[in-house]
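# An overview of the molecular structure
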Amino acid sequence: MTAPFPTGVYCAATTPFNADLSVDQGLFTSHCQRLLDDGCTGIAMLGTTGEANSLSSRERMALLEAVVKSGIAPSKLLPGTGVASIMETVELTKHAVANGVGAVVMLPPFYYKGVSDDGIVDAYTAVIERVADPRLRVVLYHIPQMSAVPISLDVIDRLRKRFPEIVVGIKDSAGEFANMSAIVDRFPGFSVLVGADPLMLKLLPMGGAGCITATSNLVSRELATVFNGYKDPAKAAEVATAQERIVAARNAVSSYAQLPSLKVLLAKRDNNDNWLRVRPPLTGLSAAEAAKVRESLSV
């Protein structure tokens, strides 16, 4: 059996903003290059950590184009393209595929709650059929704590049967290991990417494909060490040390709101306050909270 795609360590890259809240494209593209240099397999840009649902479609497309123009191979990009409107999702997805991305990470439509599995399947089907491009690869996005629209195993099964060459994986950010392992067990060859950094090491021996995580903005080297070395007994100590660092980083950005905490640490690392800004309705940390986060982790 061939290995699932995508496989590896993908960073859910966060988005820096200028003083006027426009996207700082230069800082973002240099951050993406650093992540790749530090061992990331690719960049899952324009997701939850990237504040994508606070960006317009035009901003999202412009940022993707800027990253490609900077020289980063589009095959290494997994942009988020799922929004509440299926027609807008089609537009964003067509644009991403036309720019040569490896795959897209696609939320289900998330405004209406309590929708049926039939409705979720219909929504994904409508997008895939309208994009109508054999190059399209879709990673489903299960993050019910944010979307309130869970992606069940039945939805995965139906989409896999209908689009076996297109629906290739899922990012599971619910944090429930039992659900991740159930997907791995039921769908051999399907790429199950964990959304919580510490769980990657636990899922990999069971057939997990890697991760798409927020904390990889800070610990991509350590995650790459775990991914590349977990099978090798000679690297057990190195992997254990990397895992300790991963857990510490996850804890550091979870004491307060995760995204502004992550940005505080990136601002500290790069000495660049453009990392500190978030778009409303999100808010930054207080001065006291930021000071505690900065003290909690060396970067």
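To be clear, the structure that these remarks concern was listed above.
The model shown is predicted, which means the values in this text are computed figures rather than measured ones. (Residues numbered from 1 in each chain as written. Predicted model: local features only at pLDDT ≥ 70, side-chain atom pairs only at ≥ 80, totals over all residues. Heavy atoms only, no water.)

### Remarks on the overall build of the protein
Scanning the protein for helices and strands turns up twelve helices and seven strands. Based on the C-alpha atoms only, the size of the protein along its principal axes is roughly 50 × 50 × 40 Å. The burial tally for the protein puts 54% of its 299 residues in the buried class. Within the protein, contacts between residues at least 6 apart in sequence are counted, and of these 69% link residues at least 24 apart. Charge separation in the protein, taken as the distance between the mean sites of 29 positive and 29 negative side-chain charges, equals 2 Å. (Helix = DSSP H or I, 4+ residues; strand = E, 2+ residues; numbered from the N terminus. Buried < 20%, exposed > 50% of the residue type's maximum accessible area, 1.4 Å probe, protein only. Contact = heavy atoms within 4.5 Å. Lys, Arg positive; Asp, Glu negative; His and termini not counted. Charge placed at Lys NZ, Arg CZ, Asp CG, Glu CD.)

### Looking at the pattern of salt bridges
Think of it this way: side chains of opposite charge can pair up when their charged atoms draw near. Tallied over the full model, the rule gives 14 salt bridges. Measuring nitrogen to oxygen at the nearest pair gives 3.5 Å for the salt bridge that ties R158 to D154. You can see R158 and its partner D154 sitting in helix α6 (residues 153–162), four residues apart, about one turn around the helix. Overall, the relative accessible area of 30% leaves R158 in the partly exposed class. (Salt bridge = Lys/Arg side-chain N within 4 Å of Asp/Glu carboxyl O.)

### Details of the nonpolar core
With 82 residues, the main nonpolar core has M45, L140 and M200 as its most contacted residues. Broken down by element, this core gets its largest block of residues, six residues, from helix α4 (residues 117–131). For L140, the residues in contact, after removing those within four places along its chain, are M106, Y124, I151, I156, L159, V167, G169, I170 and K171. With 14 residues, the next largest nonpolar core counts Y10, Y141, V168 and I212 among its residues. (Core = buried A, V, L, I, M, F, W, Y, C linked by side-chain atoms within 4.5 Å.)

### Looking at the sheet that holds strand β3 (residues 104–106)
On the basis of which strands lie adjacent, the open sheet formed by seven strands has the order β2-β1-β7-β6-β5-β4-β3 and parallel pairing. In this open sheet, the two strands that pair with only one neighbour each are β2 (42–43) and β3. As judged from the two bridges shared by strand β6 (residues 191–194) and strand β7 (residues 210–213), these two strands associate in the parallel manner. Its bridge partner being in β7, L193 is matched across the sheet by G210. (Pairing = 2+ DSSP bridges.)

### Observations concerning the layout of surface pockets
Taken as a whole, the largest pocket encloses approximately 700 Å³ of empty space. Around the largest pocket, the lining is made up of 29 residues, and of these T48, T49, Y141, I143 and M146 lie nearest the centre. Where the lining of the largest pocket is concerned, the elements lending two or more residues are α5 (144–147), β7 and α11 (258–270). Of the residues that constitute the lining of the largest pocket, the class distribution is 13 nonpolar, twelve polar and four charged. (1 Å grid on protein atoms, 1.4 Å probe; cavity = no way out; pocket = protein on both sides within 12 Å on 5 of 7 lines; lining within 4 Å. Points joined across faces, edges and corners; volume = space filled by probe spheres on them. Nonpolar A, V, L, I, M, F, W, Y, C, P; charged D, E, K, R; others polar.)

### Things to note about helix α3 (residues 86–98)
In an α-helix, one turn spans 3.6 residues, which is why side chains three or four residues apart end up on the same side. In this model α3 runs 18 Å from its N-terminal to its C-terminal C-alpha over 13 residues, within 8% of the 18 Å that 1.5 Å per residue would give. When α3 is considered as a whole, its buried residues turn out to be T89, V90, L92, T93, H95, A96 and V97. Looking at the buried positions of α3, the neighbouring elements they touch are α2 (57–69), β3 and α4. One side-chain oxygen of the residue at the start of α3 lies 3.3 Å from the amide nitrogen of M87, identifying that residue as S85. Positive phi appears at G100, one or two residues downstream of α3, with a value of about 85°. (Expected span 1.5 Å × (residues − 1). Polar contact = N/O pair within 3.5 Å; in protein donor to acceptor, adjacent residues only side chain to side chain.)

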